[in-house]
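Single-letter residue listing:
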Amino acid sequence: MKNMPKRVWVALRLWYPWFTASLAVLSANWAATVIFDTLNLWMKGEAGDLSILRLAYVGIFVLSVSLLYQQRGALFPLHTRQLPAELRKHLVLFLSNLHKEFEESGGIPPALVLTNDLDRDILAMEELKQRHPPVKWPWEMPLRGIRHHLDRNTLQTVTLICSPESLSQAHLFLDICRRYEPLKGIKYSLLVRRRGRPKLLPSSDLHSAAGLQGCDFENFEELRHALRYLLDQFKNWKIADNDVMIDFTGGQKVTSLVAATMTFNRRIKSQYVQTNPDYAVLSYNITMASSTTPGLEL
C-alpha cells in the first residue's frame, strides 16, 4: 500500500500524453466547426459569432496541440527487458582479439590446459581468474555464450563478427571450438568485409579467401550495415527472427549499441554473458510501449 501513490503517479505519467492526444483530436472538430461557420458567415457579408465559448474551442485546440508537441517523446517510450537468455538456433558473436602472446600457444593462455570437456575447462578458467595476478582470457565469454545454447541440441549455427585484429585469430578460436564434441556439429561462419562491403564467409573458406577485412568495432554505421546485411541473409534462408540471438559481450561499447538497436521492436534478441559470478547469460530486447501496453497497440 505504501507504493500505491507512486504507482498512481507512474500510471498518470503514462496516460497523460494519450489524454492530451485525445483532447487534441476532439477539439480539432470543435475548432474546425467554429472556423468553418465563421468563414461562411463572413463570405456572406454577415458578422461571425465569436462568442467566448466558441473562441474557447479554438483555444483548447491550440493549447492541446502545443502540449502534445511537447509530450511527443512520451507517447511511445522505449522499454528494455532483461531476462535469462532463451535458447536459440542461430548465435551471432562479436569476437574480441587476443594478446599477441597468446597466438604462440594456439590462442590459449599458457597457464590454461584445455581438455575435451567444455564444462571442466570453464571451471579451470574461473580458477585462473582467482590467481594473483589473475589470468583473464577474452574468449572465455564467447565459449560460455555458445555453451548456453547447447541444451537440447538447440544451437545450429554460430556467426563470428571479426574486427581487423581478431580476423587473423579467428581460426584459433574455431580450432578451440572444434575440440569439444558438442560444438563439432555446429556450422560456423564469419562476417567480414571485402572491398568495403560486408561478406558472409563459411569458416571452411577462411584460409583460401584473400582481401578480407574485419569490421571496425568502433564504427557504428559500418557495424549496423554489416549486421543488416547478415539479417537479410538470414531472411533469405528463411531463418525466423525468433531463432536469432546476438551476443554483444565481446567487442567495444559501440557493438553493444548496434546489437541493441537490431532488437528494436523485433523478435531478435541480444544477450550478454556476465563476466563475474554467477556468469549468467542475460537476454535484452528493446520495445515501444505500444507493443507492451494493453490497449495501445498501433
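The structure under discussion appears in the preceding block.
J.: Describe the overall build of the protein, naming the residues involved and giving the relevant values.
T.: When helices and strands are counted, the protein shows eleven helices and nine strands. If you take every contact in the protein between residues at least 6 apart in sequence, the share linking residues at least 24 apart comes to 70%. Entry remark: accessible area of the protein is about 17,400 Å², with carbon and sulfur atoms responsible for 56%.

J.: Describe the side chain of Asp 247, with residues and values.
T.: Residue position: Asp 247 is located in strand β7 (residues 244-247). Within the buried set, Asp 247 has no salt-bridge partner at all; the shortest N-O distance to an opposite charge, 10 Å, is to Arg 144. At 2.7 Å, the side chain of Asp 247 forms a polar contact with the side chain of Thr 249. Setting aside chain neighbours within four positions, we find Asp 247 in contact with Leu 91, Val 92, Leu 93, Phe 94, Gly 145, Gln 271 and Val 273.

J.: Quick rundown of the layout of surface pockets? Include the residues and the values.
T.: By volume, the largest pocket amounts to about 350 Å³. What lines the largest pocket is a set of 17 residues, among which Lys 136, Trp 137, Pro 138, Met 141 and Thr 275 lie closest to the centre. Of all the elements, helix α5 (residues 140-148) adds the most residues to the lining of the largest pocket, at three residues. Considered class by class, the residues forming the lining of the largest pocket number eight nonpolar, six polar and three charged.

J.: How would you sum up the pattern of salt bridges? Please name residues and give values.
T.: Per the stated rule, a full pass over the model turns up twelve salt bridges. Measuring nitrogen to oxygen at the nearest pair gives 2.9 Å for the salt bridge that ties Arg 144 to Glu 140. Of the two residues, Arg 144 and Glu 140 both sit in helix α5, four residues apart, roughly one turn of that helix. Residue Arg 144 shares its accessibility class with Glu 140, and that shared class is buried. Bridged by salt links that share partners, the residues Glu 126, Lys 129, Glu 140 and Arg 144 form one connected network.

J.: How would you explain the packing of helix α4 (residues 118-129) against α5 if you had to name every residue and give the values?
T.: Running from N to C, α4 and α5 cross one another at 145°; their axes reach a closest spacing of 11 Å. Judged by the twist between their axes, the crossing of α4 over α5 is left-handed. Together, Leu 118, Asp 119, Ile 122, Met 125, Glu 126 and Lys 129 of α4 and Glu 140, Met 141, Leu 143, Arg 144 and Arg 147 of α5 make up the contact between the two elements. For the contact of α4 with α5, the residue count by class is five nonpolar, no polar and six charged.

J.: Go over the environment of Gln 156 with me, naming the residues and quoting the values.
T.: Mapped onto the fold, Gln 156 is located in the loop between α5 and β3 (157-162). Along the backbone, Gln 156 and Lys 89 are 67 residues apart, and their C-alpha atoms lie at a distance of 5.2 Å. Residues contacting Gln 156, with those up to four places away along its chain left out, are Lys 89, His 90, Ile 186 and Lys 187.

J.: So what about helix α9 (residues 220-236)? Which residues, and what values?
T.: Along its 17 residues, α9 runs 24 Å from first to last C-alpha, staying within 8% of the 24 Å computed at 1.5 Å per residue. Glu 222, Leu 223, Ala 226, Leu 227, Leu 230, Leu 231, Gln 233 and Phe 234 are the residues of α9 that are buried. For α9, the arc enclosing every buried residue in end-on projection is 165°, short of the 170-degree limit, so these residues lie on one face. Summarising the geometry of α9, the exposed residues directed more than 90 degrees from the buried face are Lys 235 and Asn 236. Looking at the buried residues of α9, the elements they touch are β2 (90-95), β3, β4 (187-194), β5 (197-202), β7 and α10 (253-262). In the segment just after α9, Lys 238 is the residue with positive phi, at about 65°.

J.: Could you give me a rundown of the packing of α5 against helix α7 (residues 170-177), with the residues and numbers involved?
T.: Where α5 contacts α7, the axes come no closer than 12 Å and their chain directions differ by 45°. The orientation of α5 with respect to α7, classified from their angle, is oblique. Crossing hand, α5 versus α7: right-handed. Here Pro 142, Leu 143 and Ile 146 of α5 lie close against α7, whose contacting residues are Phe 173, Ile 176 and Cys 177. Of the residues contributing to the contact of α5 with α7, the split by class is six nonpolar, no polar and no charged.

J.: Could you give me a rundown of the pairing of β3, with the residues and numbers involved?
T.: Here β3 lies mainly inside the structure; six of its six residues are buried. Of the two faces of β3, the one lined by Thr 157, Thr 159 and Ile 161 and the one lined by Val 158, Leu 160 and Cys 162 are each fully buried. As paired elements, β2 and β3 share six bridges and run parallel to each other. Bridging across to β3, Leu 93 finds its partner in Leu 160. Inspection of the sheet shows β3 paired to β4 by five bridges, in the parallel sense. Residue pairing in the sheet places Ile 161 in a bridge with Leu 191 of β4.

The rules we used
- Residues numbered from 1 in each chain as written.
- Predicted model: local features only at pLDDT ≥ 70, side-chain atom pairs only at ≥ 80, totals over all residues.
- Heavy atoms only, no water.
- Helix = DSSP H or I, 4+ residues; strand = E, 2+ residues; numbered from the N terminus.
- Contact = heavy atoms within 4.5 Å.
- Areas by Shrake-Rupley, 256 points an atom, 1.4 Å probe, with all protein chains shown as cover.
- Buried < 20%, exposed > 50% of the residue type's maximum accessible area, 1.4 Å probe, protein only.
- Lys, Arg positive; Asp, Glu negative; His and termini not counted.
- Salt bridge = Lys/Arg side-chain N within 4 Å of Asp/Glu carboxyl O.
- Polar contact = N/O pair within 3.5 Å; in protein donor to acceptor, adjacent residues only side chain to side chain.
- 1 Å grid on protein atoms, 1.4 Å probe; cavity = no way out; pocket = protein on both sides within 12 Å on 5 of 7 lines; lining within 4 Å.
- Points joined across faces, edges and corners; volume = space filled by probe spheres on them.
- Nonpolar A, V, L, I, M, F, W, Y, C, P; charged D, E, K, R; others polar.
- Axes fitted to C-alpha atoms, helices over the stretch in contact; angles between N-to-C directions.
- Left-handed = near helix turned anticlockwise from the far one by under 90°.
- Expected span 1.5 Å × (residues − 1).
- Arc of directions from axis to C-beta.
- Parallel < 35°, antiparallel > 145°, perpendicular 65-115°, else oblique.
- Pairing = 2+ DSSP bridges.

Shape is all these values report; function is a separate question.
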